[in-house]
Amino acid sequence: MNIIDYLLLLLVASVIFTVIMEFLIPDIPQRFKIVISVLAGITFYLWAPSVHAYSQERLIERMLPRIPYCSTYAKEILIKDDLPYGIAGSADHESIWMSDSLTQQDFKETLVHECGHLIFDHVVKGQDKKKHFGRYPYVTNYAKTNEHEDFAETYMIAYFYPEKLIELSTLYKSARMKMNIIFPLIYGSTGQGTTGGQ
């Protein structure tokens, strides 16, 4: 959540508490109702980040078993509030760091993307498979960065939006090669299944 989200939460909470106070305790002077509502809004504002972090942790618990190989290789997944500006997530050989300021869908996509890095490092074996990444066509602009980001972005797109990769594979042989490497990792050897997605 960013500062605007928190300010909106504070405003909404204060208005809700003001309305509740108006109906529950109509005899209290208006200035006391406003003070109580603002204090209640501030309390809610201070409480909201812990609720947000809890919901992100629950999201990880629900998603991780549905992302093939990720729970095997991700020894820890940390939600951080101090990642550099503009960095949604990061991964090394066995850890994933996630920004705490992402929307729910961005959080999901970033988690799958970061798992893609671990899968590229641990599961995709051989230069004959890895050589297909870092080449046109790219599923996102960020995929153009290097072969690692291309794999992670393509993995994320195949997981959430497989139709986009299928469409690209009808147009480009290199996209078909990427799909043939990634789909079995997500959907099993047939390329069909229910593991990926929301």
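Numbers given to residues run from 1 along each chain, matching the order in which its sequence is written. Two thresholds apply to this predicted model, a pLDDT of at least 70 for residue-level local features and 80 or more for giving and counting side-chain atom pairs, whereas whole-chain, interface and lining totals are computed over all residues. Side-chain descriptors were evaluated using all non-hydrogen atoms of the structure, hydrogens and water having been removed beforehand.

## Regarding the overall build of the chain
Then step 1. For helices the rule is a DSSP run of H or I covering at least 4 residues; for strands it is a run of E covering at least 2, with both sets numbered from the N terminus onward. Tallying secondary structure elements over the chain gives eight helices and three strands in all.
Then step 2. Secondary structure elements of the chain, listed N to C terminal, follow the sequence α-α-α-β-β-β-α-α-α-α-α.
Then step 3. Only protein chains enter the accessibility calculation, which uses a 1.4 Å probe; a residue is then buried when its area is under 20% of its type maximum, exposed when over 50%, and partly exposed in between. Residue burial in the chain is summarised as follows: out of 198 residues, 38% are buried.
Then step 4. In what follows, residue pairs with any heavy atoms lying within 4.5 Å of each other are defined as contacts. Contacts in the chain between residues far apart in sequence, at least 24 positions, make up 56% of those at least 6 positions apart.
Then step 5. The accessible surface values rely on the Shrake-Rupley method and a 1.4 Å probe; as for residues, cover is taken only from the protein chains in view. In the form shown here, the chain has an accessible surface area of approximately 11,300 Å², with 59% of it arising from carbon and sulfur atoms.

## A look at a nonpolar patch on the surface
Then step 1. To count toward a patch, a residue needs a relative accessible area above 30% and no salt bridge. Like charges then connect within 9 Å, nonpolar side chains (Val, Leu, Ile, Met, Phe, Trp, Tyr) within 5 Å. Salt bridges are defined by distance alone: a side-chain nitrogen of Lys or Arg within 4 Å of a carboxyl oxygen of Asp or Glu. The grouping of L8, L11, V15, V19 and F23 at the surface amounts to a nonpolar patch, some 520 Å² of accessible area in total.
Then step 2. Counting through the fold element by element, L11 comes out in helix α1 (residues 3-24).

## Topic: the pattern of salt bridges
Then step 1. By the definition in use, this model includes three salt bridges.
Then step 2. A salt bridge links R58 to E61; its shortest N-O distance comes to 2.9 Å. Placement of the pair is R58 and E61 together in helix α2 (residues 30-63), with a separation of three residues, close to one helical turn.
Then step 3. Residue R58 is classed as partly exposed on the basis of its relative accessible area of 34%.
Then step 4. Its relative accessible area of 51% is what places E61 among the exposed residues.

## A closer look at the packing of aromatic side chains
Then step 1. Two aromatic rings from Phe, Tyr or Trp, using only the six-membered ring of Trp, form a pair when their centres are within 6.5 Å; if the ring planes differ by under 30 degrees the pair is stacked, by over 60 it is edge-to-face, and anything between is tilted. A complete count under the given rule lists nine aromatic pairs for this structure.
Then step 2. With 6.4 Å between their ring centres and 80 degrees between their planes, Y136 and Y138 make a pair best called edge-to-face.
Then step 3. Aromatic pair Y136 and Y172: ring centres 5.3 Å apart, planes at 85 degrees, arrangement edge-to-face. Of this pair, Y136 sits in the loop between α5 (127-130) and α6 (147-160) while Y172 sits in the loop between α7 (162-171) and α8 (173-187), and the two are 36 residues apart along the sequence.
Then step 4. Here the aromatic residues F120, F133, F151 and Y155 are joined through ring pairs into a cluster of three or more.

## Digging into α6
Then step 1. Working rule for helices: expected span equals 1.5 Å times residues minus one. Compared with the 20 Å implied by 1.5 Å per residue over 14 residues, the 20 Å span of α6 between its first and last C-alpha is a close match.
Then step 2. For α6, the buried fraction is high: 12 of the 14 residues fall into the buried class.
Then step 3. Of the residues flanking the start of α6, the one acting as N-cap is N146, its side-chain oxygen 2.9 Å from the backbone nitrogen of H148. Whenever a nitrogen or oxygen atom comes within 3.5 Å of another N or O atom, the pair is scored as a polar contact, on the condition that within protein one atom can donate a hydrogen and the other can accept it, and that pairs from neighbouring residues in sequence are kept only if both atoms are in side chains.

## Observations concerning the packing of helix α4 (residues 104-122) against α6
Packed helices, taken two at a time, are described by their axes: the angle between them and the distance between them.
Then step 1. To get an axis, fit a line to the C-alpha atoms, keeping to the stretch in contact for a helix; angles then go from 0 to 180 degrees between the N-to-C directions. Following both chains from N to C, one finds α4 and α6 inclined at 125 degrees, their axes separated by 8 Å at the closest point. Judged by the inter-axis angle, α4 sits oblique to α6. Our pair here, α4 against α6, has a crossing hand that is right-handed. Note on element contacts: α6 touches α4 through E147, H148, E149, F151, A152, E153, Y155, M156, Y159 and F160, opposite Q105, K108, E109, V112, H113, G116, H117, I119, F120 and D121.
Then step 2. Under the scheme applied, nonpolar residues are Ala, Val, Leu, Ile, Met, Phe, Trp, Tyr, Cys and Pro; charged residues are Asp, Glu, Lys and Arg; polar residues are all the others, including Gly. Taken together, the residues that form the contact of α4 with α6 break down as nine nonpolar, five polar and six charged. Roughly parallel here means an angle under 35 degrees, roughly antiparallel means over 145, roughly perpendicular means 65 to 115, and every remaining angle is called oblique. In this scheme the crossing of two helices becomes right-handed for a clockwise turn of the near helix relative to the far one and left-handed for an anticlockwise turn of less than a right angle.

## A look at the environment of V112
Then step 1. Assignment of secondary structure puts V112 in helix α4.
Then step 2. Each C-alpha atom of the pair V112 and E153 lies 8.7 Å from the other, and the pair is 41 residues apart in sequence.
Then step 3. Contacts of V112, omitting those with residues within four sequence positions, involve M63, I67, Y155, M156, Y159 and F160.

## Let's talk about the sheet that holds strand β1 (residues 76-80)
Adjacent strands of a sheet pair through backbone hydrogen bonds, lying either parallel or antiparallel.
Then step 1. Pairing in this open sheet of three strands is mixed, and the strands run β1-β3-β2 from one edge to the other. Looking at which strands have only one partner, the edges of the open sheet turn out to be β1 and β2 (89-91). Strand-to-strand twist of the sheet, defined as the mean angle between neighbouring strand axes without regard to direction, takes the value 15 degrees.
Then step 2. The sheet contacts of α4 involve β1, β2 and β3 (95-99), and relative to β3 the element is tilted by about 160 degrees. In this scheme, strands are said to pair when DSSP sees at least two bridges between them.

## Observations concerning the nonpolar core
Then step 1. For our purposes a nonpolar core is just a set of buried Ala, Val, Leu, Ile, Met, Phe, Trp, Tyr and Cys residues, chained together by side-chain atoms within 4.5 Å. Core analysis: the biggest nonpolar cluster contains 40 residues, and I67, F151 and Y155 have the highest contact counts within it.
Then step 2. If you list the elements that add at least two residues to this core, you get α2, β3, α4, α6, α7 and α8.
Then step 3. Broken down by element, this core gets its largest block of residues, eight residues, from α8.
Then step 4. With sequence-adjacent residues up to four places away left out, I67 is seen in contact with L111, V112, C115, Y155 and Y159.

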